[in-house]
Amino acid sequence: MNITLSKKSKIKNVDFNNLPFGKIFSDHMFVCDYFNGKWNDERIIPYSDIKISPSARVFHYGQAIFEGMKAFKSNDDNILLFRPDENFKRFNLSSKRLAIPEIPKNIFFSGLNELLKADQKWIKKGIGNSLYIRPFVIASEESINASEADFYKFMIICTPAKSYYENQEIWVKIEERYSRAAKGGVGFAKASGNYAAQFYPTKVAKNEGFQQIIWTDSNYHDKIEEAGTMNLFFRINKELITSPINDSILDGITRKSIIDISKSMGLDVIEREITVSELLSSHESGELKEIFGTGTAVAVLPINGFGYRDKKFLINPKSNKISIDLKNKLQNIQYGITESFSEWQYKVS
Ligand SMILES: Cc1ncc(COP(=O)(O)O)c(C=O)c1O
């Protein structure tokens with residue numbers, strides 16, 4: 001791989017205690033181009049603007065996919081990734097659905113490794129600190145013909161991150177008017193357009209005092225699916241419930257990890273459909289103990305309450321919250337503090 005290191009690092013201008021999410025980028029990026037029917041010219045170069053034609057199909061038809069993952073630094077200075085194999089699999093699953101050529105595993109992993117080595121000083125120690133990694137592919141072909149492209153760019157960029165929503169009350173709105181995804185659609189993929197389509201409904205929800213939306217099924221809006229960038233868990237009595245994965249829900253890596261961690265703690269975790277009426281009745285009876293979201297950006301995020309048809313429902317703040325325990329257990333794995341689930345750790349070397 002061709003590696004060109006930047007002559008001057010931007011790092012000394014960055015206040016790592018005051019990081020806006022996703023606005024500051026590390027010194028380097030990985031780039032690779034698809035042409036002649038294969039991925040070519042893998043390279044690490046200084047982070048910079050790219051040259052692209054205004055007719056590139058990505059601008060017109062949104063043929064683009066991405067991933068979100070994090071690198072952590074252990075106390076003994078190892079750079080750790082959390083289950084990157086899962087991100088790689090999901091990347092290619094998303095690509096396939098969007099008719100984008102899949103990325104070979106060696107290109108994905110050598111790109112990641114070399115980039116993280118080049119930018120390792122951007123990964124700070126301490127729980128809560130991480131380098132958020134954004135691999136993505138765009139259709140770069142100069143053509144506005146409405147079909148899949150013959151040329152693409154695969155890139156990886158990185159932004160230093162703190163925990164999202166730290167110390168904020170989180171309220172979520174159960175959405176009945178708009179849909180995030182439909183059966184047979186692209187909801188299971190990290191297709192860029194899925195996120196663009198959420199911006200307007202989320203903006204409306206934010207104006208009503210919510211941080212995120214709980215998406216429901218697009219047919220009847222009664223089955224709970226997931227939140228904007230998180231999968232959801234509901235603790236009703238002793239059961240910890242999360243919706244089963246289907247083609248309108250993203251198969252979250254944090255979700256599947258939390259299921260396994262919960263099982264190892266002896267919790268009664270179950271993947272089954274949960275309806276809005278069950279949520280309302282369990283709230284009414286006091287059996288709803290807790291709701292939390294899971295995702296790379298937030299790890300595990302306790303939710304304070306939810307809104308449904310002009311009413312707001314506070315989740316009993318006094319009921320004990322296992323989400324705190326789950327978050328600690330997850331982070332201990334991510335930062336290499338514990339030996340359990342060490343098979344999920346990937347050391348950059
Ligand atoms: C729609 C959606 N659901 C769930 C998640 C959580 O997935 P993961 O745990 O793999 O980050 C994300 C974030 O990536 C997301 O964008």
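Residues numbered from 1 in each chain as written. Predicted model: local features only at pLDDT ≥ 70, side-chain atom pairs only at ≥ 80, totals over all residues. Heavy atoms only, no water.

Draft legend 1. The site of the ligand, seen in detail. For the ligand, the set of nearby residues contains 16 residues, the closest of which are Lys190, Tyr195, Glu226, Thr254 and Thr296. Within the side chain of Arg90, a nitrogen or oxygen atom sits 2.8 Å from an oxygen atom of the ligand. In this structure, a nitrogen atom belonging to the ligand sits 2.5 Å away from a side-chain N or O atom of Glu226. For the ligand, whose accessible area on its own is 380 Å², the fraction buried by protein is 97%. (Near = heavy atom within 4 Å. Polar contact = N/O pair within 3.5 Å; in protein donor to acceptor, adjacent residues only side chain to side chain. Areas by Shrake-Rupley, 256 points an atom, 1.4 Å probe, with all protein chains shown as cover.)

Draft legend 2. Quick look at the nonpolar core. Within the largest apolar cluster, 39 residues are counted, with the highest numbers of intra-cluster contacts made by Trp39, Phe108, Leu112, Leu116, Ile133, Val137 and Phe154. Mapped onto this core, the elements with two or more residues apiece are strand E2 (28-35), strand E3 (38-46), strand E5 (69-73), strand E6 (79-82), helix H2 (84-97), helix H3 (105-118), strand E7 (130-139) and strand E8 (152-161). Top element by residues in this core is H3. It accounts for 6 residues. Setting aside residues up to four positions removed in sequence, Ile133 forms contacts with Glu67, Gly68, Met69, Lys70, Ala71, Leu81, Leu112, Leu116, Ile156, Ile157 and Cys158. Formed by 24 residues, the second largest nonpolar core is a distinct cluster that contains Ala227, Ile274, Val276 and Ile291. (Core = buried A, V, L, I, M, F, W, Y, C linked by side-chain atoms within 4.5 Å. Buried < 20%, exposed > 50% of the residue type's maximum accessible area, 1.4 Å probe, protein only. Helix = DSSP H or I, 4+ residues; strand = E, 2+ residues; numbered from the N terminus. Contact = heavy atoms within 4.5 Å.)

Draft legend 3. Broad picture of helix H4 (residues 192-207). Here H4 spans 24 Å end to end across 16 residues, near enough to the 22 Å set by a 1.5 Å rise per residue. The largest bend in H4 comes to about 35 degrees, at Phe199, with the proline Pro201 one to four residues further on. Regarding H4, the residues found buried are Asn194, Tyr195, Gln198, Pro201, Thr202 and Ala205. Two residues or fewer past H4, Gly209 is found with a positive phi of approximately 100 degrees. (Expected span 1.5 Å × (residues − 1). Bend = angle between axes of the 7 residues up to and from the residue.)

Draft legend 4. Inspection of the pattern of salt bridges at higher detail. This structure, assessed with the given rule, holds 18 salt bridges. A salt bridge links Lys125 to Asp77; the shortest N-O distance between them is 3.3 Å. Within this pair, whereas Lys125 is found in the loop between H3 and E7, its partner Asp77 is found in the loop between E5 and E6, the two being separated by 48 residues in sequence. Take Asp77: its relative accessible area is 48%, and that puts it in the partly exposed class. Linking Lys256 and Glu86 is a salt bridge whose minimum nitrogen-to-oxygen distance equals 3.0 Å. Here the residue Lys256 occupies a position in helix H5 (residues 253-264), and Glu86 occupies one in helix H2, the gap between them amounting to 170 residues. Relative accessible area serves as the criterion here: at 21%, Lys256 is assigned to the partly exposed category. (Salt bridge = Lys/Arg side-chain N within 4 Å of Asp/Glu carboxyl O.)

Draft legend 5. Examining the side chain of Lys153 more closely. Secondary-structure assignment places Lys153 in strand E8. Looking at Lys153, its side chain comes within polar contact range of the side chain of Asp33, at 2.8 Å. The contacts of Lys153, once residues within four sequence positions are left out, are Val31, Cys32, Asp33, Trp39, Arg43, Ile50, Phe136, Val137, Ile138 and Ser140.

Draft legend 6. Up close: the sheet that holds strand E13 (residues 239-242). Pairing in this open sheet of 5 strands is mixed, and the strands run E14-E13-E12-E15-E16 from one edge to the other. Edge strands, defined here as strands with exactly one partner in the open sheet, are strand E14 (268-271) and strand E16 (299-303). Going from strand to strand, the sheet's axes swing by 25 degrees on average, the running direction of each strand aside. Direction of pairing for strand E12 (residues 231-236) relative to E13: antiparallel, over a ladder of 3 bridges. Within E13, the position partnered with Arg235 by the bridge is Leu240. Contacting E12, E13, strand E15 (288-295) and E16, helix H7 (residues 322-334) crosses the sheet at an angle of about 170 degrees to E16. (Pairing = 2+ DSSP bridges. Axes fitted to C-alpha atoms, helices over the stretch in contact; angles between N-to-C directions.)

Draft legend 7. Here's a closer look at H5. Helix length check: H5, at 12 residues, gives a terminal C-alpha distance of 17 Å against a target of 16 Å (1.5 Å per residue), a fit within 8%. A positive phi of about 80 degrees marks Gly266, the residue just after H5.

Draft legend 8. Structural detail: the domain arrangement of the protein. Looking at the protein, the domain boundaries give domain 1 (2-162) and domain 2 (171-334). Of note, the centres of domain 1 and domain 2, computed from C-alpha atoms alone, are 27 Å apart. Contacts between the two partners involve 20 residues from domain 1, matched on the other side by 22 residues from domain 2. Between domain 1 and domain 2 the total buried area reaches about 1,900 Å² when both faces are included, carbon and sulfur atoms providing 62% of it. Together, Phe66, Phe82 and Arg90 form the three largest contributors to the area buried by domain 1 at its contact with domain 2, with a combined 33%. (Domains from an automatic or database assignment. Buried area = accessible area lost by both parts, 1.4 Å probe.)

Draft legend 9. Representation of unusual backbone geometry. Phi at Asn36 is positive, roughly 50 degrees, even though this residue is not glycine. Mapping Asn36 onto the fold places it in the loop between E2 and E3. One non-glycine residue, Ala99, adopts positive backbone phi at about 55 degrees. Looking at the element boundaries, Ala99 is found in the loop between H2 and H3.

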